[in-house]
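Structural overview for review
Here is what each chain is made of, one letter per residue.
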Amino acid sequence: MNKINVSVIGASGYVGGELLRLLLKHPNVNLHQATSESNQGQFIKSVHPNLRQFSNKFVALKDLENCDVLFLCLPHGVGMDQINDLRPVAKIVIDLSGDFRLNNKNEYLTWYKLTHPNPNLLKSKVLGLPELHKEKIKKATLIACPGCMSTATILSLYPLLKAGVLQDTPIITEAKTGSSASGNKLSKASLHAERSGVMRSFAPTSHRHSAEISQELTINGKVPQINFSATSVEAVRGILATSHVFLKEGITEPDIWEIYRTFVKDKPFLRIVKEKKGNYRYPEPKLLIGTNVCEIGFEKDLHSDRLVVMSAIDNLMKGAAGQAVQCFNITQGFDENMGLETIGLYPI
């Protein structure tokens, strides 16, 4: 079969580099172009040294040519201004920023302090979370991939809310994240002296991903009470989201098992992890580095109606580039696993 011509805009960051790594080895993809305004004309391998075996060069955005699928890896607020010029370039646009994730233009004022210039697209886009929106993704022409911490949180809590087994009480979630989630722009916070040994609560309230989580966990018009916090830890990759929810009376652990087993069935990148012994009894981001897997675990409190739910992903994969390629595969009718078959490394 003929390969699909794809291009990546803003390919010099960590997410862009991870996306290039996946696309360059995808059996049905031809990487047509990759843009970088600050590195135009340079070999991709000069910015992403793990791609040394490839001879592709960065081009300037002004030299962008038509292709089949266009991936946007632009900073928040940039793509929403350029989208009308970019959509004619490709039949399908997959955006990895936060520019089209939310359904309501007013939410952008609240969470991004931006007036959205293309609010009509917020309703027509499809959120790129295949486990919830696979059928819509198949026909989508504008796909907005969700954030890394929101992906981990939504996938772990959606089955419980959908099943209606939770009390109408606040949901409390804390997500721990590695340094790559902040991107590769230099700042004092990214210095080794600042980052080494850190366990820093950088967004105890009001993190932008709260809006995505609330949006996707609103079922049958019922908006959950989401209380979300984000913490930086000393790791390069990985998200571990820990949520505290409260079960309705009579809900047992076997009931929870059945809810999650039903949800993960036929979803190749979801895995339940709940072991009785060993170091890795629950989801562990370290074991998922380089994979597109989301691990979900849980434990019912023996002394109350509390259920602790844990989920882990690689933020650059299932939280960004891997999820984008998964969505790409769905739009083309390919197997969801195509180009994403990596198994995690151990030890690392």
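Throughout what follows, the structure given in this document is the object of discussion.

Calculation notes
- Residue positions are given per chain, counted from 1 along the sequence in the order it is written.
- Only residues with pLDDT of at least 70 are given local features in this predicted model, and only at 80 or more are side-chain atom pairs given and counted; all residues enter the totals for whole chains, interfaces and linings.
- Heavy atoms from the whole structure form the basis of all side-chain values; hydrogens and water molecules are not counted.
- Two strands qualify as a pair provided DSSP detects at least 2 bridges between them.
- Going along the chain from the N terminus, every DSSP run of H or I of four or more residues is numbered as a helix, and every run of E of two or more is numbered as a strand.
- Note on geometry: axes are C-alpha line fits, over the in-contact stretch for helices, and angles between N-to-C directions span 0 to 180 degrees.
- Take the far helix as your reference; a near helix turned counterclockwise from it by less than a right angle gives a left-handed crossing, and one turned clockwise gives a right-handed crossing.
- Here, residues are in contact when the closest pair of their heavy atoms is within 4.5 Å.
- Side-chain classes are defined by residue name, with Ala, Val, Leu, Ile, Met, Phe, Trp, Tyr, Cys and Pro counting as nonpolar, Asp, Glu, Lys and Arg as charged, and the others, Gly among them, as polar.
- The span expected for a helix works out to 1.5 Å for each residue beyond the first.
- Working definition for bend: take the seven residues up to and ending at a residue and the seven starting at it, fit an axis to each, and measure the angle between the axes.
- Per-residue accessibility, obtained with a 1.4 Å probe over protein chains only, is compared with the maximum for each type, and a residue is labelled buried under 20%, exposed over 50%, and partly exposed between these values.
- A carboxyl oxygen of Asp or Glu within 4 Å of a side-chain nitrogen of Lys or Arg is what we treat as a salt bridge.
- Roughly parallel means an angle under 35 degrees; roughly antiparallel, over 145; roughly perpendicular, 65 to 115; everything else is oblique.
- Note on ring pairs: Phe, Tyr and Trp rings are taken, using the six-membered ring of Trp, and paired if centres are within 6.5 Å. Classes follow the plane angle, with under 30 degrees stacked, over 60 edge-to-face and the rest tilted.

1. A look at the sheet that holds strand S1 (residues 4-9)
- Taken in spatial order, the seven strands of this open sheet run S3-S2-S1-S4-S5-S7-S6, and their pairing is parallel. Every other strand in the sheet has two partners, leaving strand S3 (58-59) and strand S6 (126-127) as the edge strands with one partner each.
- With three bridges connecting them, strand S5 (residues 92-95) and strand S7 (residues 142-144) associate as parallel partners. Across the sheet, Ile 94 pairs through a bridge with Ile 143, a residue of S7.

2. Side note on the pairing of strand S11 (residues 239-246)
- Summarising the sheet, strand S8 (residues 171-177) and S11 pair through six bridges and their orientation is antiparallel. When the bridges of S11 are listed, Thr 177 appears paired with Ile 239.
- Where S11 and strand S14 (residues 306-313) come together, eight bridges link them in antiparallel fashion. Looking across to S14, one finds that Thr 242 is bridged to Met 310.

3. Describing the packing of helix H5 (residues 130-139) against helix H10 (residues 317-332)
- Running from N to C, H5 and H10 cross one another at 40°; their axes reach a closest spacing of 9 Å. In this structure, H5 meets H10 at a crossing whose hand is right-handed. Of H10, the residues touching H5 (which contributes Pro 130, Glu 131, Lys 134, Ile 137 and Lys 138) are Lys 318, Gln 323, Gln 326, Cys 327, Ile 330 and Thr 331.
- Tallied by class, residues from the contact of H5 with H10 come to four nonpolar, three polar and four charged.

4. Some details on H10
- In a regular helix each residue adds 1.5 Å, so 16 residues correspond to 22 Å; H10 covers only 20 Å between its end C-alpha atoms and thus falls short of that length.
- The sharpest bend along H10 reaches about 45° and sits at Gln 323.
- The element H10 is largely enclosed, with a buried count of 15 among its 16 residues.

5. Some points on the sheet that holds strand S10 (residues 226-233)
- Reading across from one edge, S9-S10-S8-S11-S14-S13-S12 is the order of the seven strands in this open sheet, with mixed pairing throughout. Two strands close off the open sheet at either side, each with one partner strand: strand S9 (199-203) and strand S12 (270-272). Mean inter-strand twist for the sheet, computed between neighbouring axes without regard to direction, equals 25°.
- The pairing of strand S13 (residues 294-300) with S14 spans six bridges and is classified as antiparallel. Bridging from a neighbouring strand, Lys 300 pairs with Leu 307 of S14.

6. Concerning the pattern of salt bridges
- Tallying each qualifying case throughout the model produces 12 salt bridges.
- A salt bridge links Lys 62 to Asp 63; its shortest N-O distance comes to 3.6 Å.
- A relative accessible area of 38% places Asp 63 in the partly exposed class.
- When the shortest N-O distance is used, the salt bridge between Arg 271 and Glu 295 registers 3.0 Å. You can see Arg 271 sitting in strand S12 and its partner Glu 295 sitting in strand S13, a full 24 residues away along the chain.
- Arg 271 sits in the partly exposed class, given a relative accessible area of 38%.
- Residue classification places Glu 295 among the buried positions, given a relative accessible area of 6%.
- Here the salt bridges do not stand alone but share partners, grouping Glu 18, Arg 21, Arg 237 and Asp 314 into one network.

7. Some words on the packing of helix H1 (residues 14-24) against H10
- As a packed pair, H1 and H10 sit with axes 9 Å apart at the nearest point and diverge in direction by 40°. Put simply, H1 runs oblique to H10. The handedness of the crossing between H1 and H10 is right-handed. Contacts between H1 and H10 pair Val 15, Glu 18, Leu 19, Arg 21, Leu 22 and Leu 23 from the former with Met 317, Ala 320, Ala 321, Gly 322 and Val 325 from the latter.
- Its residues assigned to classes, the contact of H1 with H10 comprises eight nonpolar, one polar and two charged.

8. Brief notes about the packing of aromatic side chains
- Going through the model one piece at a time under the given rule, you end up with seven aromatic pairs.
- Ring plane angle 90° and centroid distance 5.9 Å describe the contact between Tyr 280 and Tyr 346, whose orientation is recorded as edge-to-face. Of this pair, Tyr 280 sits in the loop between S12 and S13 while Tyr 346 sits in the segment after H10; the two residues are 66 residues apart in sequence, bridging distant segments of the chain.
- With relative accessibility at 60%, the residue Tyr 346 sits in the exposed group.

Geometry only, nothing functional implied.
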